[in-house]
2 protein chains.
Amino acid sequence: MQTELSKKLGVEHAIFGFTPFPAVAAAISRAGGFGVLGAVRYTAPDDLKRDLDWVEAHVGGAPYGLDVVMPAKKVEGVSEADVEAMIPETHRQFVQETLAKYGVPELADGEASGWRITGWMEQVARGQLDVAFDYPIRLLANALGSPPADVVARAHERNVLVAALAGSARHAVKHKEAGIDIVVAQGYEAGGHTGEIASMVLTPEVVDAVDPLPVLAAGGIGSGQQVAAALALGAQGVWLGSLWLTCTEADMSSPAVTRKLLAAGSGDTVRSRALTGKPARQLRTEWTDAWDDPAGPGTLPMPLQGLLVAEALTRIQKYEVAPLLGTPVGQIVGRMTSERSVQAVFDDLTRGFEQAVDRINRIAGRSGK
Amino acid sequence: MQTELSKKLGVEHAIFGFTPFPAVAAAISRAGGFGVLGAVRYTAPDDLKRDLDWVEAHVGGAPYGLDVVMPAKKVEGVSEADVEAMIPETHRQFVQETLAKYGVPELADGEASGWRITGWMEQVARGQLDVAFDYPIRLLANALGSPPADVVARAHERNVLVAALAGSARHAVKHKEAGIDIVVAQGYEAGGHTGEIASMVLTPEVVDAVDPLPVLAAGGIGSGQQVAAALALGAQGVWLGSLWLTCTEADMSSPAVTRKLLAAGSGDTVRSRALTGKPARQLRTEWTDAWDDPAGPGTLPMPLQGLLVAEALTRIQKYEVAPLLGTPVGQIVGRMTSERSVQAVFDDLTRGFEQAVDRINRIAGRSGK
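Quick caveat: nothing in here was measured; it's all calculated off a predicted structure. (Residues numbered from 1 in each chain as written. Chains lettered and ligands numbered in written order. Predicted model: local features only at pLDDT ≥ 70, side-chain atom pairs only at ≥ 80, totals over all residues. Heavy atoms only, no water.)

Draft legend 1. Molecular detail of the interface of chain A and chain B. Each side of the interface is counted separately: chain A has 46 residues, and chain B has 46 residues. Summed over both sides, the interface of chain A with chain B buries roughly 3900 Å², with 55% coming from carbon and sulfur. Of all residues in chain A, Met200, Ile363 and Arg366 of chain A bury the most surface against chain B, accounting for 18% of the area lost on that side. Inspection of the region where chain A meets chain B yields six salt bridges. Note that Arg366 of chain A and Asp358 of chain B form a salt bridge whose closest N and O atoms lie 2.7 Å from each other. Our count for the chain A to chain B interface comes out at 25 residue pairs in polar contact (both at pLDDT 80 or more). Per-element accounting of the side of chain A that touches chain B gives the leading share, 10 residues, to helix α14 (residues 342-363) of chain A. Partitioning the side of chain A that touches chain B into residue classes produces 21 nonpolar, 14 polar and 11 charged. (Contact = heavy atoms within 4.5 Å. Buried area = accessible area lost by both parts, 1.4 Å probe. Salt bridge = Lys/Arg side-chain N within 4 Å of Asp/Glu carboxyl O. Polar contact = N/O pair within 3.5 Å; in protein donor to acceptor, adjacent residues only side chain to side chain. Helix = DSSP H or I, 4+ residues; strand = E, 2+ residues; numbered from the N terminus. Nonpolar A, V, L, I, M, F, W, Y, C, P; charged D, E, K, R; others polar.)

Right under this line is the structure:
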């Protein structure tokens, strides 16, 4: 499965795998794809260094990349305390009432309260970059908006390609203007932050809008048929995130989340602002229902919402409070029905792709296999 | 572009075109596809008879089909007046206030007020069938739920295949159990009534769920690339509705609607209950915004909403009140940028399909053209 982009990056298959887990990233690259490690959870540069060392030691010389979160809007000079102060008391009460309703225990004194806003701030992302550029990463992806011009320049000096996610052709064109090299077209059905345009429509629209830049299709892809479909739509590769969450190499926060993912159907996700303040697809839970309920206070804008719910989500995860327990994931979750190794998942993708090509050739009346 | 289903129906290309316009249906079948005439607007059997006569005279012997609306829930024995009486006065007032706000003129005395609920009632659909079965239709599609068992039996006696639309694998399985022959998997991005699962995920899910029944992919398809993608996903053909609305043969209610369709981007539709009471994708307008506004009274359930807004929509269309003027259409509207003949659109689809197959073969390393 070779496109211009996969050849440029020296990978066997044009399958890009985004994952927060070093073991999954390394396994994807070893299998012949391109593993991309998500960096947002590394607030301490040393933690990122430790995990990149691990990837280096286990990737077998194959190429890999890093995904950072640099919000388009700068929040430099604003402290976490400043942002905390902007959260209305009614919203804090709603969090506590909802947790109390489900009997969610409190954290012990001094226990970490999970996600901090600092991970989303430019200075932290820049700290991650200082670490990452010491490693032979081949791709730097940004999950929110275009990266700053100096970051793009720094990446290009090091022969690192820069990718950015876009949920509309308009955003994709902005990325192109910012000098990025690859656009990830993130369809409505994708996990995490998404727009409203489905992959079937979005992919070719973005391909046309940023031509000749290569586009990776993201959203709804979990089988070789779907890989073939995305490539037929003009993508130069696919960008998969959800599919790896139930891999044996994934280090999910709780076994209960894995069980929920394995049991969920394609209709069991929701595009909700409950997690970050921007619409992000995730498992639908009584927690997302509470935030999406018109009778409730509703969600706050990014980054307030993420800060507001950070401790609550840590408690829900730690104590595995099933009705409230969720995770970002796409509609493809309906296909994630067993725990398998990354290699097994990857083999399914490439085998299914070949079968889909056979089928399309038969339909087209070409002499296929 | 040949699948088992297209061979069975004797058409050159596995492209099914749904349209309310006899001239479009005939042109699709003449071009080598399979035209399906939507019957919902024919409340008088003679009108349907007149248009089927026209199709027969212009289809050049090619096969074609009919699409009826038979709601899953029977409303037999309930008159339109009974249903009218269930509409709250607050909702009637909201309609009048909204029309007044935009200065929408009233209809003249005795002028038809557009859509009537009767078109959705089983006895009317049965009247349409009595007419249709006198014609050599090859396919009977039902847009809402599975058709009644006796209708399926009657179709099968006449060698007419029965199709039904489904927005989820669960609904598709119900159709299979009801004895239908073809499932149309209607993705989130499609125009008209849709579920929340995007085509990329829905198509293969429905294919697997109803195997060995053939599945047509609907939603987001307006180019040969998208046809190739849908077939790669396991569909035996594609079902296109939106794309024909801007064809020169289409008899749209107002030129202003056509202008709006040509100008709209993929992000200019909304899945709203404003039209019928069930979520249906359509152009986003100040009319849909008013109904979707949490500060308003909200929509009524089907069939009340359709009845409530029927006269208003007729007035908005007749007087071409631009901010309120909409029509059901899918996200593919962003690709509908010029008025062209059905044949020209069809040629683009088949040529684009061949190019997409070439491309996928190059990526797969097969000796393509």
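What follows picks up the thread again.
Draft legend 2. Geometry of the domain arrangement of chain A. Residues and elements named next belong to chain A. Domain boundaries in chain A define domain 1 (1-76 + 121-246 + 340-369) and domain 2 (87-115 + 252-338). Taking the mean C-alpha position of each, domain 1 and domain 2 sit 26 Å from one another. Contacts between the two partners involve 20 residues from domain 1, matched on the other side by 18 residues from domain 2. Around 1700 Å² of area is buried between domain 1 and domain 2 when both sides are counted, 61% of it from carbon and sulfur atoms. (Domains from an automatic or database assignment.)

Draft legend 3. Spatial organisation of the packing of aromatic side chains. This model, assessed by the stated rule, comprises nine aromatic pairs over all chains. Between Phe16 of chain A and Phe34 of chain A, the aromatic rings sit 5.3 Å apart at their centres with planes inclined by 40°, giving tilted as the arrangement. Here Phe34 of chain A lies in strand β2 (residues 34-38) and Phe16 of chain A lies in strand β1 (residues 15-19), a separation of 18 residues in the sequence. By the burial criterion, Phe16 of chain A is buried, and Phe34 of chain A matches it. Ring geometry for Phe94 of chain B and Trp291 of chain B: centres 4.9 Å apart, planes at 75°, overall edge-to-face. (Phe/Tyr/Trp six-rings, centres within 6.5 Å; stacked < 30°, edge-to-face > 60°. Buried < 20%, exposed > 50% of the residue type's maximum accessible area, 1.4 Å probe, protein only.)

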